[in-house]
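Letter by letter, the chains look like this.
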Amino acid sequence: MGNYLAVDIGASSGRLILGNVRDGKIEIQETHRFKNGFSKTDGHDRWDIDKLINEIFIGLEKVKKAGINECVLGIDTWAVDYVLIDKSGKKLADPVSYRDTRTIGAIDKLTSTYPKQYIYEKTGIQFLEFNTLYQLYTEDKELLKLADKILLIPDYIGYVLTGKAVSEVTNSSTTQMLNLREKLFDTDLLNHVHVTEDKFAPLVESGTSLGGIKEEWYEKYDLPKCEVIAVASHDTASAVLGTPGFGDNWAFLSSGTWSLLGMELTVPNTSEVAYKENYTNEWGAYGTYRFLKNIMGLWIVQEIARNFDYTYSFAEMAEQAEKCEPFQQFIDVNDQRFNNPENMVKEIQNYCMETGQKVPETIGELTNCIYSNLALCYAIELEKLRRITDRSVQDLHIVGGGSNVHFLNQLTANLANIHVYAGPSEATAIGNLLVQMISKNEISNIKEARAMTRQSFEMTTYKPQDGNWQEVIADYKQFLHSIKKH
């Protein structure tokens, strides 16, 4: 029985989760938690990457003090953001956040002479202004010339720990620069952003060993002996692996800062309807593809909490939301104005005023507004998912922090007319651990891993309740149609 550590870092926090297999079940324990966030530096919203790495070492020291002298470690984070490093391996600047404004309008500029559908057919990746392709398009050209390598965040952290540079495929696919057919970075796309293929480290599959932590870190910190594995390093890829789905007719909803709703496929879908609906084909572990839609998610609720100076916990916000009548206003949760406004509460209120709707005022009304509209969005996207894939979707597995929000989960079951299975909330860390366990032959394959996950963690079931849900959906669709006309 081995000791496995998942380093799971999201946009607002990070943690180290210890995992073991005992009596056929997976046991997990949080050993260290820390905050994350970007701040304005040198004119851009940037991540403090050195602080994150230091927190990993603090967490590893805690593990050593707890009596664990040897472990395996995997790192997952959010996607698309990157670090530029020079020939000596030093970072040239702190990485810019995907929420920075530098890429506004970049898709239109790049695709003015380069058809969008051509890019989609090559990559299968949905068009989002923060994709790495558009970040590099707007990157400081002089800084880009100085860069010897471009490493995505988890790959950079792995490089700092071990000295080995790789480009793990599940995260690399989110750049919108990998060619689905050639299984390589697309040289044509790279030319359009003035980057050569040698600026990227070699592509590797999930489960690849990076080796041990560099000796210099043992001299500075009291660390356990540690082998680093390149897991499914995009947090959504890990979350899907940690989803306890069974059979072929289930969809996943990774519900956190972002909501990622989709299905796991073995063949990518780059059909015209998939392109028009802006669905993505992110690469998964073990020969799979995450066919999904990016939805704004609980970021909006997190920002409401911040605007109220964190007076209310998320549980209290959900409790207050449940006391309010849903569907008092419609909003397009994916509107770019909610991406990173100065004040989210005012942005929501202004949106409702501009569209002639009731303005939410209290913490309950504001939170209810977001949960109601997220559930509507989920229901509509599930309709599209069935249509695009021509597959039956009988169950929806909700994992991540949002799996704990009873009100949102029940609304989703009602509107989508589907059985919802909520949990585990720690699916991302679990998926991270599963790849490590498979790579060390403690678990045979992902089918066995998911079966073990079902046995190890509780899920809450939500069944559809009676109501005028189809009328609400029809009204919401009419609203979206009306605002698009304006």
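Up top you'll find the structure we're talking about.
(A) Structural detail: the overall build of the chain. When its secondary structure is counted, the chain shows 19 helices and 21 strands. For the chain, whose C-alpha radius of gyration is 22 Å, the value lies close to the compact-globule estimate of 23 Å for 486 residues. Dimensions along the principal axes, computed over C-alpha positions, put the chain at roughly 60 × 55 × 45 Å. Expressed as a percentage of its 486 residues, the buried residues of the chain come to 59%. Long-range contacts, defined as pairs at least 24 residues apart, comprise 73% of the intrachain contacts of the chain with a sequence gap of at least 6. With the model as given, the accessible surface of the chain reaches about 19600 Å², and the carbon-plus-sulfur share is 47%. Charged side chains of the chain number 49 positive and 66 negative; the gap between the two group centres comes to 2 Å.

(B) Structural view of the layout of surface pockets. In this structure, the second largest pocket encloses a volume near 1200 Å³. If you go around the second largest pocket, you meet 41 residues; those closest to its centre are Asn 278, Asp 332, Asn 334, Asp 335 and Gln 336. Broken down by secondary-structure element, the contributors of at least two residues to the lining of the second largest pocket are helix H2 (106-110), helix H11 (272-276), strand S18 (289-295), helix H15 (363-389) and helix H19 (469-485). Residue contributions to the lining of the second largest pocket peak at five residues, all from H19.

(C) Molecular detail of helix H16 (residues 406-416). Within H16, ten of the eleven residues are buried, leaving the element largely enclosed by the surrounding structure. Along H16, the positions that sit buried rather than exposed are Phe 407, Leu 408, Asn 409, Gln 410, Leu 411, Thr 412, Ala 413, Asn 414, Leu 415 and Ala 416. Count one or two residues on from H16 and you reach Asn 417, which has phi positive near 50 degrees.

(D) Broad picture of the nonpolar core. The biggest cluster of nonpolar side chains holds 144 residues, and the ones touching the most others in it are Leu 60, Ile 300, Ile 304 and Ile 348. Looking at this core element by element, the count peaks at 15 residues for H15. In contact with Ile 348, other than residues within four places in its own chain, are Ile 300, Ile 304, Phe 338, Pro 360, Leu 366, Cys 369 and Ile 370. Formed by 24 residues, the second largest nonpolar core is a distinct cluster that contains Val 21, Ala 429, Ile 430 and Leu 433.

(E) Geometry of the side chain of Asn 294. Examined against the element boundaries, Asn 294 turns out to sit in strand S18. Once you skip the residues sitting within four places of it in the chain, Asn 294 turns out to touch Gln 126, Leu 128, Phe 130, Trp 258, Ser 259, Leu 260 and Asn 334.

(F) Layout of the pattern of salt bridges. Applying the stated criterion across every chain yields a total of 27 salt bridges. The partner of Arg 15 in a salt bridge is Glu 426, with the nearest N and O atoms 2.8 Å apart. Remark: Glu 426 occurs in the loop between strand S20 (419-422) and helix H17 (427-439) and Arg 15 occurs in strand S2 (residues 13-22); sequence separation between them is 411 residues. The pair Arg 15 / Glu 426 is uniform in exposure class, with both members buried.

(G) Molecular detail of the packing of helix H1 (residues 49-65) against helix H6 (residues 153-162). H6 packs onto H1 with a crossing angle of 60 degrees between their chain directions and a minimal axis gap of 11 Å. With respect to H6, the element H1 is oriented oblique. In this structure, H1 crosses over H6, and the sense of that crossing is right-handed. Only Ile 153, Tyr 156, Ile 157, Val 160 and Leu 161 of H6 make contact with H1, whose side of the interface consists of Ile 49, Ile 53, Ile 56 and Phe 57. Residue composition of the contact of H1 with H6, grouped by class: nine nonpolar, no polar and no charged.

(H) Representation of the sheet that holds strand S19 (residues 395-399) within the structure. Spatially, seven strands are ordered S17-S18-S16-S15-S19-S20-S21 in an open sheet, and the strand pairing comes out mixed. This sheet does not close on itself; its edge strands, each paired only once, are strand S17 (280-283) and strand S21 (460-462). Across the sheet, the axes of successive neighbouring strands diverge by a mean angle of 30 degrees, strand direction being ignored.

(I) Structural context of the packing of aromatic side chains. Evaluation of the coordinates by the stated rule reveals 20 aromatic pairs. Ring plane angle 50 degrees and centroid distance 5.5 Å describe the contact between Tyr 120 and Tyr 275, whose orientation is recorded as tilted. Of the two residues, Tyr 120 is situated in helix H3 (residues 116-123) and Tyr 275 in helix H11; the sequence distance between them amounts to 155 residues. For the residue pair Tyr 120 and Tyr 275, the accessibility class agrees, reading buried in each case. Connected via pairs of aromatic rings, a cluster forms that spans Phe 38, Trp 47, Trp 78, Tyr 98, Phe 130 and Trp 258. Over the ring of Trp 299 we find Arg 99; its NZ or CZ atom is 3.7 Å from the centre of that ring. The side chain of Lys 116 reaches across the aromatic face of Phe 127, ending 4.8 Å from its centre.

Analysis parameters
Residues numbered from 1 in each chain as written. Predicted model: local features only at pLDDT ≥ 70, side-chain atom pairs only at ≥ 80, totals over all residues. Heavy atoms only, no water. Helix = DSSP H or I, 4+ residues; strand = E, 2+ residues; numbered from the N terminus. Rg over C-alpha atoms; globule rule 2.2 N^0.38 Å. Buried < 20%, exposed > 50% of the residue type's maximum accessible area, 1.4 Å probe, protein only. Contact = heavy atoms within 4.5 Å. Areas by Shrake-Rupley, 256 points an atom, 1.4 Å probe, with all protein chains shown as cover. Lys, Arg positive; Asp, Glu negative; His and termini not counted. Charge placed at Lys NZ, Arg CZ, Asp CG, Glu CD. 1 Å grid on protein atoms, 1.4 Å probe; cavity = no way out; pocket = protein on both sides within 12 Å on 5 of 7 lines; lining within 4 Å. Points joined across faces, edges and corners; volume = space filled by probe spheres on them. Core = buried A, V, L, I, M, F, W, Y, C linked by side-chain atoms within 4.5 Å. Salt bridge = Lys/Arg side-chain N within 4 Å of Asp/Glu carboxyl O. Axes fitted to C-alpha atoms, helices over the stretch in contact; angles between N-to-C directions. Parallel < 35°, antiparallel > 145°, perpendicular 65-115°, else oblique. Left-handed = near helix turned anticlockwise from the far one by under 90°. Nonpolar A, V, L, I, M, F, W, Y, C, P; charged D, E, K, R; others polar. Pairing = 2+ DSSP bridges. Phe/Tyr/Trp six-rings, centres within 6.5 Å; stacked < 30°, edge-to-face > 60°. Lys NZ or Arg CZ within 6 Å of the ring centre and 35° of its normal.

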